[in-house]
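The primary structure of each chain is shown beneath.
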Amino acid sequence: MQRATRAGAANGAPKPKPKAAGKGRARADKADGAVARKPGRRLAEVVADRIEEDIVARGWPVGEVLGSEADLIERFGVSRAVFREAVRIVEHHNVARMRRGPGGGLIVTEPDPRAVQNAMALYLRYKGVGREVLFEARAALEIAAVASATERITEEGIARLREVLDTEEREGERAVAEAHTHHLHVVIAELTGNPAMAMFIEVLNRLNEEMILAEIEAGHREVLSVAAADYHKAHVAIVDAIASGDAALAQHRMRRHLDAILEYLH
Ligand SMILES: [Zn+2]
């Protein structure tokens, strides 16, 4: 613990101890934005949290410079080493990155949904989530999503869904083998207009797809062409229900489709 925070201790946490003034480095203007140590957290993590909170509070202005390295070191009242560690954390979180050179500084970036999904997928794998448990979560979300998507469907949305169906028809068996069958489910999730729903559905679909593909690799290839044709037929029926604005029918067909997928896996 001590070892990790040694650099921070030299410059960090200037707020509480008035005796620091005796060393001639506690400037009054510095205490304002300075970061205070939190129990159980590395100082760099606290700085990274502060940067992230700041980005959220500003409405996530992608491309905006939050400040130069010197500015931010001054503002947070930490050592260069601690600050750079904080930068590595926010860069890893895909929220900001340091641009060197003139006009440089810490720039707000757009987060990468794939990175978030990968982290979620790894976590669920770590928890040993099997396909049945995964399916239960997926079904609950997707059945809610298909109703929501149906209720707010537009001509544009219908066109997007039909486009996915056209691609499926062209790709056939390959669409299943190359993990493209989840695409319709993801588009339906996006059409709910609810990014949280879309994010969870996409990650569950991807994990699910990985498990199905692992089975196919393991020698169940014969199910592939049957599955591809059946999946496509079910997808067409679901899209028809969405396009006609019948949420209950869309839900019914989605449930039947998900049950059928689960059947294939047994
Ligand atoms: Zn499907």
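For the protein chain, the name recorded in an unreviewed UniProt entry is HTH-type transcriptional repressor NanR, with Capillimicrobium parvum as its organism.

Asker: Hey, could you go over the overall build of the protein chain for me, with residue numbers and the actual values?
Answerer: Secondary structure summary: the protein chain contains 12 helices and two strands in total. The N-to-C order of helical and strand elements in the protein chain reads α-α-α-α-β-β-α-α-α-α-α-α-α-α. Out of the 266 residues in the protein chain, the part that is buried amounts to 26%. Sequence separation of at least 24 residues holds for 70% of the intrachain contacts in the protein chain that already meet a minimum separation of 6.

Asker: Just give me the short version of helix α2 (residues 43-57), but keep the residues and values in it.
Answerer: With 15 residues, α2 extends 21 Å from end C-alpha to end C-alpha; this agrees with the ideal 21 Å at 1.5 Å per step. Along α2, the residues that are buried comprise Leu43, Ala44, Val46, Val47, Ala48, Ile51 and Ile55. Count one or two residues on from α2 and you reach Gly59, which has phi positive near 80°.

Asker: Could you give me a rundown of the pairing of strand β2 (residues 105-108), with the residues and numbers involved?
Answerer: Here strand β1 (residues 96-99) pairs with β2 via four bridges, running antiparallel. Paired with Arg97 across the bridge in β2 is Ile107.

Thresholds, definitions, all that
Residues numbered from 1 in each chain as written. Predicted model: local features only at pLDDT ≥ 70, side-chain atom pairs only at ≥ 80, totals over all residues. Helix = DSSP H or I, 4+ residues; strand = E, 2+ residues; numbered from the N terminus. Buried ≥ 20, exposed ≤ 12 C-beta atoms within 10 Å, placed from the backbone. Contact = placed C-beta atoms within 7 Å. Expected span 1.5 Å × (residues − 1). Pairing = 2+ DSSP bridges.

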